[in-house]
Amino acid sequence: MLVLVAPGQGAQAPGFLTEWLDLPGAADRVAAWSDAIGLDLAHYGTKADADAIRDTAVAQPLLVAAGLLSASALGDIAPGAVAGHSVGEITAAALAGVLDDDAALSLVRKRGLAMADAAAVTETGMAALLGGDPDTTVAHLEKLGLTPANINGAGQIVAAGTTEQLAALESDKPDGVRRVVALKVAGAFHTHHMGPAVDALAEAAKALTPADPKVAYVSNKDGKEVTSGAEVLERLVGQVANPVRWDLCMDTFKELGVTALLELCPGGTLTGLAKRALPGVKTLALKTPADLDAARELIAEHAA
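Summary of the structure given here. Predicted, not measured: the structure shown is a model, and the values here were computed from it. (Residues numbered from 1 in each chain as written. Predicted model: local features only at pLDDT ≥ 70, side-chain atom pairs only at ≥ 80, totals over all residues. Heavy atoms only, no water.)

Another aspect to go through is the environment of Val-185. Looking at the element boundaries, Val-185 is found in the loop between strand S6 (177–182) and helix H9 (195–205). Ignoring sequence-local partners within four residues, the contact set of Val-185 consists of Gln-9, Gly-10, Arg-54 and Met-126. (Helix = DSSP H or I, 4+ residues; strand = E, 2+ residues; numbered from the N terminus. Contact = heavy atoms within 4.5 Å.)

What follows is the structure, given as structure tokens:
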């Protein structure tokens, strides 16, 4: 059984879309998406520097576009399940047929703008904590006023809060935590700081007509499979201010009997987590079109 997964913000890197735009029809498709949402995705995916694509309003549409583009390059595939980390859930919703590609890009554009506005109110950020006991780490973060915004499993929890709170964390790490690594994001996502973005996204969602998922859709709110398109959309709205429970998603992958995990472009982060948390599951990250042949082999072996 194959699960397709889509990464979240922070996975982007300068120029990561360049080689994908050389694929037949890719540049035209990205140009059409760019016109529709008022953002030059090709420019940001090929020429912009790290600071430019760190901008929440840019990074989020860019990541969803990359995920959809890399998925289409694989041809017709029949995964047993789909899931996404943070903004990757919008990519997953499109892969599951809940939203069409245009609706997904429209929604993520509004999501990115709303979250950028919310992040501008207070100077905030996120940092990954590597190692340590999850319960001990969560309790320590709460003591510092930080939110465990991503509980990723495989010994990784992401803290989110103000820059002052994150600075305090640097000098007062939880017992057992080996490293604290600042993330390439521009705000404390999946926390109460994103409350205003929830309201804006709820308004945007009113214009959409979601379909029920055609494949198993695993929600990162709680790792549960969601079978209603309306509920998927509701969760996409609330998710911006709620923690990501990727650890529970991986637990569900085990329960579903997943034998292979394929991470869409720009892959790497979720594949790394799976290698540590899902022993025996084959993994592959799509980084460039050079990975497509290996991905097709994995699909042929593990997809329905």
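Having put the structure on the table, let's press on.
Glancing now at the sheet that holds strand S3 (residues 124–131). Ordered in space as S4-S5-S3-S6, the 4 strands form an open sheet in which the pairing is antiparallel. The sheet is open, and its two borders are formed by strand S4 (147–153) and S6, each paired with just one other strand. Across the sheet, the mean angle from the axis of one strand to that of its neighbour is 25°, orientation sign disregarded. Bridge analysis of S4 against strand S5 (residues 156–162) gives 5 bridges, and the strand direction is antiparallel. Bridge assignment links Pro-148 to a residue of S5, and that residue is Ala-159. Sheet strands in contact with helix H8 (residues 163–171) are S3, S5 and S6, and its direction is about 135° off that of S5. (Pairing = 2+ DSSP bridges. Axes fitted to C-alpha atoms, helices over the stretch in contact; angles between N-to-C directions.)

Before going further, it helps to examine the sheet that holds strand S7 (residues 216–218). Taken together, the 6 strands give an open sheet; going across it, the order is S8-S7-S2-S1-S9-S10, and neighbouring strands pair in mixed fashion. The strands lining the two open edges of the sheet, one partner per strand, are strand S8 (225–226) and strand S10 (282–285). Bridging between strand S1 (residues 2–6) and strand S2 (residues 81–84) involves 4 bridges; their strand directions are parallel. Bridge pairing links Val-5 to Ala-83 in S2.

Turning our eyes to something else, we now look at unusual backbone geometry. Here the residue pair Cys-265 and Pro-266 is connected by a cis peptide bond, since its omega of -5° sits within 30 degrees of zero. Even without a glycine there, the phi angle at Ala-154 is positive, about 55°. Tracing the backbone shows Ala-154 in the loop between S4 and S5. The backbone of His-190 shows a phi angle near 65°, a positive value even though the residue is not glycine. Here His-190 shows up in the loop between S6 and H9.

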